[in-house]
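Coordinates in review
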Amino acid sequence: MLLRSRILLLFALAMALVAASVAVPAWLVLRDGEERAAALRAGLQSATLHEAVERAAAPLLAALRQAAVDEALMAARAAHDESALRQRLAMLRAELGLDGPSARIDIVGAQGQLLAAAPAVAEPLASGASALQRELPRDGISARFEAAADGPMLLVVSLRTGSGDLLSGSMPADGALGGVARQLGADLLLRDRQGAVIFATDQALRDGDATLREGQTVSLGSRIFRVEATPLYNSAGARVGQVLVLADATAEAQSRQLLLLLAGALLVVAAAVTCGLLYRVIRDAIDPLSELARALQAVAGGDIFASAAIAARRDEVGAIQAALEALRSNTLALDRLQTRNRLSSLRERALIGQEIARLTAVLDGPERDEILGLLEGEGAALGPAFARLSGHVVQQHAAMAQLLEERTRDLALVRQALEERTQLNRMREELDVARRLQLSSVPTTFPQMPEFRLHAAMVPAKEVGGDFCDFVMLDEHRLALLIGDASGKGVHAAIFIAMARTLLRAAISRGLSPAEALAQANDVLSTDNPTMMFATVFAAVLDCRTGLLTYANAGHNPPRRRGRLGEAELPVARGIALGVMDGMEFMDQHVVLDAGDMVLMFTDGVTEAVAPGDILFGDDRLAAIMVDPALAEPAQLVDAVARHVEAFADTEPQADDITMLALHWRGAVPPAMPADPGTAVLACA
């Protein structure tokens, strides 16, 4: 839904709430006024009806006044002659014209007892004769409707005589009500206590009695009538019926309709004018916003030159327009920045290619072709590591570019993103320094000796680690072999393992045994080791004249040996890692290799490689590879172990460097066959 539609809908709801807040109190006030008016009308109608009844009963009252002064009646009353009273009342009834079955006359004593009645009855006409005796003053009158249990409803008029007696006369209620209707100029309907119609001035009223309710308005022709109900009570105060009066309310209804029509018209006009003004204000405010939204969508779609064609304003819309212009400027700056980043990335890629070419250029012949094949193939060793590192840097650049694009509205955040890029470059430089430290001693050749063959390889992990391997010809008859693994990752680990390698190589070159070299390097590394790093190392010296292998271990994995007696771990004392504590002693051990023996030195990246499901490669799988007689050359053995570890890990990322050094002892050469004392150095990290 559009914004202007929501505003108009909200305004309509507010108008409805305001109208309701005004209409509900007005309706309550009007209802209260109507209730008060209804109460006043009911009281007025009751008084008017009572007055009309008294007027309708005036002839009967005149007859009673004439009977009250009749001398013969008074004489019979004074003589307490009940028979004479009845006879005189019957004569007066005939003389006064009170004929008919409903016309009666009686006299009640001061104690409420019936003295005489014509015609004779058992009870007085006035059901509350005793109460009237107490309440009516001398010459007081009462005109009430009385409902007999087995007779019609009567209008009973009672007169308190001067002697204290109560003289009552009756006439049919319908005759009296006809006179009342004529006096009121309205239609009447009389119901008894059970709701049955006793009298109606119009047959239509009698027929529609079931639909008439108190306070109801009905239409008869062109006139509107209001139904007003007045209860009827007898002289004893009991309700005997109800009179419904149809009062003319045409003028009142027309006035109310006119008032409501005028109020509705005023409300409609006011709402129309207000809505028109509001729509104009909304249009003036929303149209520029729509134009700004179009421009923002164009900028979001890549059109950084899009702008909003609206006049300059000093309100919120003008502020949004200024922000849009600032956004366009920032987007242009970001585009230039991204272009520079892409060029920088290309230069970095070219630099990495040059470094790889420089590192492989030192190799000759098959070794160079093999390394280049590894760098270019799917199972590359250094190539995939550098590719993943480059991919990581490119991803960081892309993430930074996306972060910059998302935060272009805030220049402070853009600067923060630039700082993050600088930190990322610094981190990349640190990783590059660490990698250079590890690769600073990458071998270019392997020694070609008739007594033995060597081969070493390393499969680096994603992060810079601390593995190393090294070997050096101490003289024309002795070969020193070193392999180790430092704790931790990064530059510190690379520097620590480089120090350990340098100390060990220097100590063994001075003629120290492997155990003495480990002890000396441990003392130096433990003395100044604020980072509490350590390294496991296996050091050995091979006598090429006898095949005697002298070795010492500093907490490293025992090498594996394959010979004519089978395959097993080399018996090695575990020892403690270098750098943990100074003053530690290490033990030299000896073993004489048989011609054809194969010894594999490795780091824990081989046996602790993890497959999906957290399964370790382990020593058993390594031993199964070692016993394969087809792996006769060190290069074949190293290659086979690397392939098996990679296949075992499957999709799991490599967590640690994998470093291996394989020695194939062919046997001592007779003295007449001089050996090639070519010195070779291998370091892998």
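For the structure given in this document, a descriptive report is provided here. (Residues numbered from 1 in each chain as written. Predicted model: local features only at pLDDT ≥ 70, side-chain atom pairs only at ≥ 80, totals over all residues. Heavy atoms only, no water.)

Here's the deal with the packing of aromatic side chains
As a reminder of what qualifies: Only the six-membered ring of Trp is used, alongside the rings of Phe and Tyr, when aromatic pairs are assigned; centres must lie within 6.5 Å, and planes under 30 degrees apart are stacked while those over 60 apart are edge-to-face, with the rest tilted. For the purposes of this entry, the term helix denotes a DSSP run of H or I that reaches at least four residues, the term strand denotes a run of E that reaches at least two, and both are numbered from the N terminus. The buried label applies to any residue whose accessible area, calculated with a 1.4 Å probe on protein chains only, is under 20% of its type's maximum; exposed applies above 50%, and partly exposed to all values in between.
Counted by the stated rule, this structure contains 2 aromatic pairs. Note on Phe 617 and Phe 648: the rings are 5.3 Å apart at their centroids and 80° apart in plane angle, and the pair reads as edge-to-face. Of this pair, Phe 617 sits in the loop between β21 (615-616) and α16 (618-626) while Phe 648 is found in helix α17 (residues 634-649), placing the two residues 31 residues apart along the sequence. Here Phe 617 and Phe 648 have matching classes, each one buried.

Here's the deal with the nonpolar core
Convention followed: To define a nonpolar core, start from buried Ala, Val, Leu, Ile, Met, Phe, Trp, Tyr and Cys residues and group those joined through side-chain atoms within 4.5 Å. Whether two residues are in contact is decided by their heavy atoms: any pair within 4.5 Å suffices.
Formed by 44 residues in total, the largest nonpolar core has its most connected members in Leu 89, Phe 145, Leu 167 and Leu 190. Ranked by the residues each element gives to this core, the list is headed by helix α2 (residues 58-68), at 6 residues. When neighbours within four sequence positions are excluded, Leu 190 is seen to be in contact with Met 153, Ala 173, Leu 177, Ala 196, Val 197, Ile 198, Phe 199, Leu 232, Gln 242 and Val 243.

A look at the pattern of salt bridges
A pair can form between side chains of opposite charge whenever their charged atoms are brought close. To keep things clear, this is the line we draw: Any carboxyl oxygen of Asp or Glu within 4 Å of a side-chain nitrogen of Lys or Arg constitutes a salt bridge here.
The final tally for this structure, using the stated rule, is 13 salt bridges. Among the ionic pairs, Arg 545 bridges to Asp 543, the shortest N-O distance being 3.2 Å. Put simply, Arg 561, Arg 564, Asp 594 and Asp 597 are held in one network by salt bridges that share partners.

Points about the sheet that holds strand β19 (residues 598-602)
Rules: For two strands to count as paired, DSSP must find a minimum of two bridges between them. Axis angles are defined between N-to-C directions and span 0 to 180 degrees, where every axis is a line fitted to C-alpha atoms and, for a helix, only to the segment in contact.
Strand order in this open sheet of 5 strands is β11-β22-β19-β16-β17, and the pairing throughout is antiparallel. The two strands at the open ends of the sheet, each matched to only one other strand, are β11 (452-459) and β17 (566-569). Pairwise comparison of adjacent strand axes, ignoring direction, gives a mean angle of 15° for this sheet. Pairing analysis gives 8 bridges linking β11 to strand β22 (residues 658-665), with the strands arranged antiparallel. Considered in β22, the bridge of Ala 457 is made with Met 660. Relative to the sheet, α16 contacts β16 (560-563), β17 and β19, its axis offset from that of β16 by approximately 30°.

Re a nonpolar patch on the surface
Convention followed: In this analysis, a patch consists of residues with relative accessible area above 30% that form no salt bridge, clustered at 9 Å for like charges and at 5 Å for the nonpolar side chains Val, Leu, Ile, Met, Phe, Trp and Tyr. In these tables, accessible area is a Shrake-Rupley quantity obtained with a 1.4 Å probe, and a residue counts as shielded only by the protein chains included in the view.
On the surface, Leu 10, Leu 13 and Leu 17 cluster together to form a nonpolar patch covering roughly 320 Å² of accessible area. With respect to the secondary-structure elements, Leu 10 resides in helix α1 (residues 3-56). Overall, the relative accessible area of 57% leaves Leu 10 in the exposed class.

Observations regarding helix α8 (residues 250-300)
Heads up, the condition is: Here, expected helix span is obtained from the residue count minus one, scaled by 1.5 Å.
With 51 residues, α8 extends 70 Å from end C-alpha to end C-alpha; this agrees with the ideal 75 Å at 1.5 Å per step. At the exit of α8 stands Gly 302, carrying a positive phi of roughly 110°.

Quick word on the sheet that holds strand β1 (residues 105-108)
Read across the sheet, 5 strands follow the order β2-β1-β5-β4-β3 without closing on themselves; strand pairing throughout is antiparallel. Looking along the sheet, the strands with just one partner apiece sit at the ends: β2 (114-118) and β3 (141-147). Neighbour-to-neighbour, the strand axes of the sheet open up by a mean angle of 20°, direction not taken into account. Here 7 bridges tie β3 to strand β4 (residues 153-160), and the two strands are oriented antiparallel to one another. Bridged to Glu 146 within β4 is Leu 154. Contacting β1, β3, β4 and β5 (166-172), α2 runs over the sheet at an angle of about 150° to β5. Helix α6 (residues 173-184) contacts β3, β4 and β5 of the sheet and is inclined by roughly 80° relative to β5.

Concerning the packing of helix α13 (residues 490-509) against helix α14 (residues 514-527)
Stated formally: Angle categories are assigned with fixed cut-offs, so that under 35 degrees is roughly parallel, over 145 is roughly antiparallel, 65 to 115 is roughly perpendicular, and the rest are oblique. Put simply, a crossing is left-handed when the front helix is turned counterclockwise from the back one by less than a right angle, and right-handed when it is turned clockwise.
It is at 9 Å that the axes of α13 and α14 come closest, and there the two elements cross at 140°. Taken together, the axes of α13 and α14 lie oblique to each other. In this structure, the crossing between α13 and α14 has a hand that is right-handed. Here Phe 496, Met 499, Ala 500, Leu 503, Leu 504, Ala 507 and Ile 508 of α13 come into contact with α14, specifically with Ala 517, Leu 518, Gln 520, Ala 521, Val 524 and Leu 525.

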